[in-house]
Amino acid sequence: MMNYPQLTVFNYKVAYYMVRFFGLYWLVAQYLEFIRLKERPATIYEPVFQLEKLIFPELPGTFVFAGLLIVCAALLIITVFKPSYLLNFFIFLLVAIINLPIAANFGVHHDGHIIVLGFFLGIFLLPKELEDKDYKLVQYFYLGILMTYTLAGMSKILGTVKNLIKNTDKLTWVSKDAAKLNTYDNYWMADMQIPPVFKSIYAYDHIWVVITVLGILTQFLCFLGAFNRKLLTFFLIFLYIFHVYTAIFVLAEFENANYFLIVIFFPYHLLRPLFRKKYLVA
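None of these values were measured; they are calculated from a predicted model.

### Topic: the packing of helix 10 (residues 229-250) against helix 11 (residues 255-265)
Then step 1. In contact at an axis separation of 10 Å, helix 10 and helix 11 are set at 170° when each is read in the N-to-C sense. Looking at the two axes, helix 10 sits roughly antiparallel to helix 11. Here R229, L232, L236, L239, Y240, H243 and V244 of helix 10 lie close against helix 11, whose contacting residues are A257, N258, L261, I262 and F265.
Then step 2. Residue composition of the contact of helix 10 with helix 11, grouped by class: 9 nonpolar, 2 polar and 1 charged.

This is the structure we're talking about:
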């Protein structure tokens, strides 16, 4: 039975290779999204970030974008067999660049930043170089990802407290209609019809206040998962449910982020005894 440092390093070593396979899937997903965006009028494309305006003032050509995807895919495959700090750095750069015209435009997606951050934080964590005593490095990797959720939760808490103290007339997260109006506003902005079933779901407004408050508090506490394996698994389940909810009710596209979180946070150490048992039986 592995102790905490051992299972932490073991889980990351497995996740390192799983992230490479996820990366290949992600590249295919980006290409399909790119083709969909190419069918839109060119005037709809609107860069958001200054770096994007510099690199991609307009949606790149298919040849250029496909070339970036192919190079990134080749590096992902190479680093499966030969992990490298330098190649990991180039993978991060390519993932960040590929993400720009897809996620950072007028139709902003919400899942790209987590994936870019994950490849950045993993640049210097090579599986063959990690020993059990290096488990804190993996904790920092986990913490970097989880802090994005903690900071988001903190922002909601501080904003709510500020408005309550100032007694403003702004809608806060503890208002009974907060969750419902958040959903409705996003559907209205997307010019989509609100499903009739939502009215029934949000009819229990007082229960939604409790759900919203507990959800924000849990989101704020996500950083604790970096230091405890059971908590990490709990927050993985929470974030998966949270992302599914936001995808359905808030129209935030977190599908790829969900897959990525499963890959990097999954408790692979639980599967190790199963493989060993199967091997012994055979």
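Structure shown, so let's carry the discussion forward.
### Here's the deal with the packing of aromatic side chains
Then step 1. Throughout the structure, instances matching the rule amount to 27 aromatic pairs.
Then step 2. With 5.3 Å between their ring centres and 75° between their planes, Y12 and F141 make a pair best called edge-to-face. Of this pair, Y12 sits in helix 1 (residues 4-38) while F141 sits in helix 6 (residues 135-166), and the two are 129 residues apart along the sequence.
Then step 3. Judged by relative accessible area, which is 5%, F141 ranks as buried.
Then step 4. Between the aromatic rings of F22 and F260, the centroid separation amounts to 5.4 Å while the plane-to-plane angle is 50°, which identifies the pairing as tilted. With F22 in helix 1 and F260 in helix 11, this pair connects stretches of sequence that are 238 residues apart. Comparing F22 with F260 shows no difference in burial state: the two are buried.
Then step 5. Clustering of aromatic rings is evident, with ring pairs tying together Y184, Y187, W188, F198, Y202, W208, Y245 and F249.

### Quick notes on the pattern of salt bridges
Any two side chains of opposite charge can pair, on the condition that their charged atoms come close.
Then step 1. Counted by the stated rule, this structure contains 4 salt bridges.
Then step 2. One salt bridge in this structure joins K133 and D134, with 3.5 Å as the shortest N-O distance.
Then step 3. What makes D134 buried here is its relative accessible area of 16%.
Then step 4. Residue K180 pairs with D177 through a salt bridge whose shortest N-O separation is 3.8 Å.
Then step 5. When salt bridges that share partners are traced, they join E131, K133 and D134 into one network.

### A few points about helix 6
Then step 1. Taking 1.5 Å per residue, 32 residues should reach 46 Å; helix 6 reaches 45 Å between its end C-alpha atoms and fits that length.
Then step 2. Of all the bends in helix 6, the largest measures some 35° and sits at L146.
Then step 3. Listing the buried residues of helix 6 in full gives V138, Q139, F141, Y142, I145, L146, Y149, T150, G153, T160 and N163.
Then step 4. Contacts from the buried residues of helix 6 go to helix 1, helix 5 (112-121), helix 9 (205-220), helix 10 and helix 11.

### Here we look at the environment of R229
Then step 1. Tracing the chain through its elements places R229 in helix 10.
Then step 2. For R229, a relative accessible area of 9% puts it in the buried group.
Then step 3. As for R229 and T246, which are separated by 17 residues in sequence, their C-alpha atoms are 25 Å apart.

### Details of the nonpolar core
Then step 1. One finds L27, V95, I98, F119, L261, I264 and F265 to be the most contacted residues of the largest nonpolar core, which totals 56 residues.
Then step 2. Taken together, the elements giving at least two residues each to this core come down to helix 1, helix 3 (62-81), helix 4 (85-103), helix 5, helix 6, helix 10 and helix 11.
Then step 3. When residues in this core are grouped by element, the largest group, 10 residues, is from helix 1.
Then step 4. In contact with F265, other than residues within four places in its own chain, are Y142, I145, L146, R229, L232 and L236.
Then step 5. By size, the runner-up hydrophobic cluster in this structure holds 9 residues, among which are Y184, Y202, F249 and V250.

Parameters and conventions
Residues numbered from 1 in each chain as written. Predicted model: local features only at pLDDT ≥ 70, side-chain atom pairs only at ≥ 80, totals over all residues. Heavy atoms only, no water. Axes fitted to C-alpha atoms, helices over the stretch in contact; angles between N-to-C directions. Helix = DSSP H or I, 4+ residues; strand = E, 2+ residues; numbered from the N terminus. Parallel < 35°, antiparallel > 145°, perpendicular 65-115°, else oblique. Contact = heavy atoms within 4.5 Å. Nonpolar A, V, L, I, M, F, W, Y, C, P; charged D, E, K, R; others polar. Phe/Tyr/Trp six-rings, centres within 6.5 Å; stacked < 30°, edge-to-face > 60°. Buried < 20%, exposed > 50% of the residue type's maximum accessible area, 1.4 Å probe, protein only. Salt bridge = Lys/Arg side-chain N within 4 Å of Asp/Glu carboxyl O. Expected span 1.5 Å × (residues − 1). Bend = angle between axes of the 7 residues up to and from the residue. Core = buried A, V, L, I, M, F, W, Y, C linked by side-chain atoms within 4.5 Å.

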